[in-house]
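Read off the chains here:
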Amino acid sequence: MDMHRAQSESVEPPSLLLIEDDPGDALIVEELVVDSAPEMTVVWVQTLAQARDELATSAPDCVLLDLHLPDASGLEAVARIQEITDSVPIVVLTGLAEEQTGLAALSVGAQDYLVKGRVEPDLFGRAVRYAIQRKQTEIAAAELQASQLHAQENARLERGLLPSPLLRDGQDFDVVARYRPGRSSALLGGDFYDVVQTGDGTVHVLIGDVSGHGPDEAALGVGLRIAWRTLVLSGVDGPRRLHQLEELLVAERTESRFFASMTNLTMCADHGTVEVMRAGHPGLLLRHGGTIDWIEAPGGPALGLLPGVATWPVHELDLPEDGAIVLFTDGLFEGHRGDGPERLGEEGLLELARERAHLPAAEFTDSLIDGAEKLADSRGGLSDDVAVVHVQWNRK
């Protein structure tokens, strides 16, 4: 069988909803269908109210609409149909003296108009099919535009959540940062990070995660990240920095259930010490001498859980000469490992990291994420967003 013919036979014939209160005119339309495209099916109703009931239970391929109905007339009838459904094409039926009204109907959303008594069967069939095609094209164009706008919004959020490090001398400090959205996220989640070096050479590092996914969480993450950078550059340090971030979170969150975990590092310019403040966030990995240790610094609750009450101790960590620190969000180790319910967990992540301890910074970071992703493949991959930041002094 010819392929084109097979494809055409597999397509369902168009279904029409005729909204016409005059039985004589309705009969003319039905005869046009028989003469031009007998495979089309027609459902006839006489009022807009009946059309509403019909559209509630079925979805015709095209609506044939008379502009003089008992319960709607003129362009109002077109608008009323569009309120009921905006995905079905409309072909308006007008009288001989109403061509201007037909043209006006096109300007408010109808796909075509036909003048009663002046329609040949061939023209009728083509008009219906073209109307259907035009509506499909219109819907596709609208979806494409929405997709492009969505992508632009994501890009703006990504720039806010995932900035370029602000280093005064890029030769002294190495940063590898990665972000990978989870499979369940249509939009960026609330994971964020930042790296800023102040005038005295100290490097400040942040990683955080706003609970949940979606535009509100992402916007809150952007606000916290920008506020953190501002506080760093303004000289606000220690627990006071986290207290002010919590005040901002409480003021800006749209629901009280939103909170944010984060880890703040202050890497002193002497290259030997690191101050760690941890607010409900996972521990960190310390790479040195070809080995990797899991460091669980003392900390306090996530921001927003106990507003105005929580405290966050400052823990001083000795940084080995070749030491590098790896920060990450919990999406990295909360994925499954295999087909069963077992999660990778912190011990599994440490095992993955130690297997890759010999790799350079960028390869280590990418391989660590890929390894966690591969283990979760059988369950659809990592469901949560993942942010990883690998930082170290460049001692070359």
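What you are looking at is a predicted structure, and each value in this text was computed from that prediction instead of being measured.

### Some thoughts on the pattern of salt bridges
Moving on, step 1. Counted by the stated rule, this structure contains 16 salt bridges.
Moving on, step 2. Among the salt bridges present, the one from Arg180 reaches Glu373, with a minimum N-O distance of 4.0 Å. Of this pair, Arg180 sits in strand 8 (residues 173–180) while Glu373 sits in helix 10 (residues 361–375); the two residues are 193 residues apart in sequence, bridging distant segments of the chain.
Moving on, step 3. Residue Glu373 is classed as partly exposed on the basis of its relative accessible area of 22%.
Moving on, step 4. When salt bridges with common partners are traced through the structure, they connect Glu20, Asp25, Asp66 and Lys116 into a single cluster.

### Thoughts on the domain arrangement of the protein chain
Frequently, the measure chosen for interface size is the accessible area removed from exposure when the parts meet.
Moving on, step 1. Considered domain by domain, the protein chain is made up of domain 1 (15–139) and domain 2 (162–394).
Moving on, step 2. Placing the centre of domain 1 and that of domain 2 at their C-alpha centroids yields a distance of 59 Å.

### As for the nonpolar core
Moving on, step 1. Within the largest apolar cluster, 24 residues are counted, with the highest numbers of intra-cluster contacts made by Val205, Leu265, Met267, Val274 and Ile325.
Moving on, step 2. Put simply, the parts of the chain that give this core at least two residues each are strand 8, strand 9 (189–197), strand 10 (203–213), strand 11 (260–267), strand 12 (273–279), strand 13 (284–288), strand 16 (324–328) and strand 17 (386–393).
Moving on, step 3. Here Leu265 is in contact with Val203, His204, Val205, Val274, Glu275, Val276, Leu284, Ile325 and Leu327, once residues within four sequence places are set aside.

### What to know about a nonpolar patch on the surface
Moving on, step 1. Together, Leu305, Leu306 and Val309 make up a nonpolar patch on the protein surface, roughly 290 Å² of accessible area in all.
Moving on, step 2. By secondary structure assignment, the location of Leu306 is in the loop between strand 14 (291–295) and strand 15 (315–318).

### Quick notes on the pairing of strand 6 (residues 90–94)
Moving on, step 1. Burial runs high along strand 6: five of the five residues are buried.
Moving on, step 2. Residues of strand 6 alternate between two faces, with Ile90, Val92 and Thr94 on one and Val91 and Leu93 on the opposite face, all of them buried.
Moving on, step 3. Pairing analysis gives four bridges linking strand 6 to strand 7 (residues 112–115), with the strands arranged parallel. Considered in strand 7, the bridge of Leu93 is made with Leu114.

### Considerations on the sheet that holds strand 1 (residues 15–19)
Moving on, step 1. Within the open sheet, the five strands sit side by side as 2-1-3-6-7. Their pairing is parallel. The open sheet has two edge strands with one neighbour each: strand 2 (41–45) and strand 7. Strand-to-strand twist across the sheet, computed as the mean angle between neighbouring axes with direction ignored, equals 20°.
Moving on, step 2. Its contacts with the sheet place helix 2 (residues 23–36) against strand 1, strand 2, strand 3 (62–66) and strand 6, and it is angled at close to 175° to strand 2.
Moving on, step 3. Helix-sheet contacts for helix 3 (residues 48–57) involve strand 1 and strand 2, and the interaxial angle to strand 1 is about 160°.

Quick notes on the rules
Residues numbered from 1 in each chain as written. Predicted model: local features only at pLDDT ≥ 70, side-chain atom pairs only at ≥ 80, totals over all residues. Heavy atoms only, no water. Salt bridge = Lys/Arg side-chain N within 4 Å of Asp/Glu carboxyl O. Helix = DSSP H or I, 4+ residues; strand = E, 2+ residues; numbered from the N terminus. Buried < 20%, exposed > 50% of the residue type's maximum accessible area, 1.4 Å probe, protein only. Domains from an automatic or database assignment. Core = buried A, V, L, I, M, F, W, Y, C linked by side-chain atoms within 4.5 Å. Contact = heavy atoms within 4.5 Å. Patch = residues over 30% accessible without salt bridge, like charges linked within 9 Å, V, L, I, M, F, W, Y side chains within 5 Å. Areas by Shrake-Rupley, 256 points an atom, 1.4 Å probe, with all protein chains shown as cover. Pairing = 2+ DSSP bridges. Axes fitted to C-alpha atoms, helices over the stretch in contact; angles between N-to-C directions.

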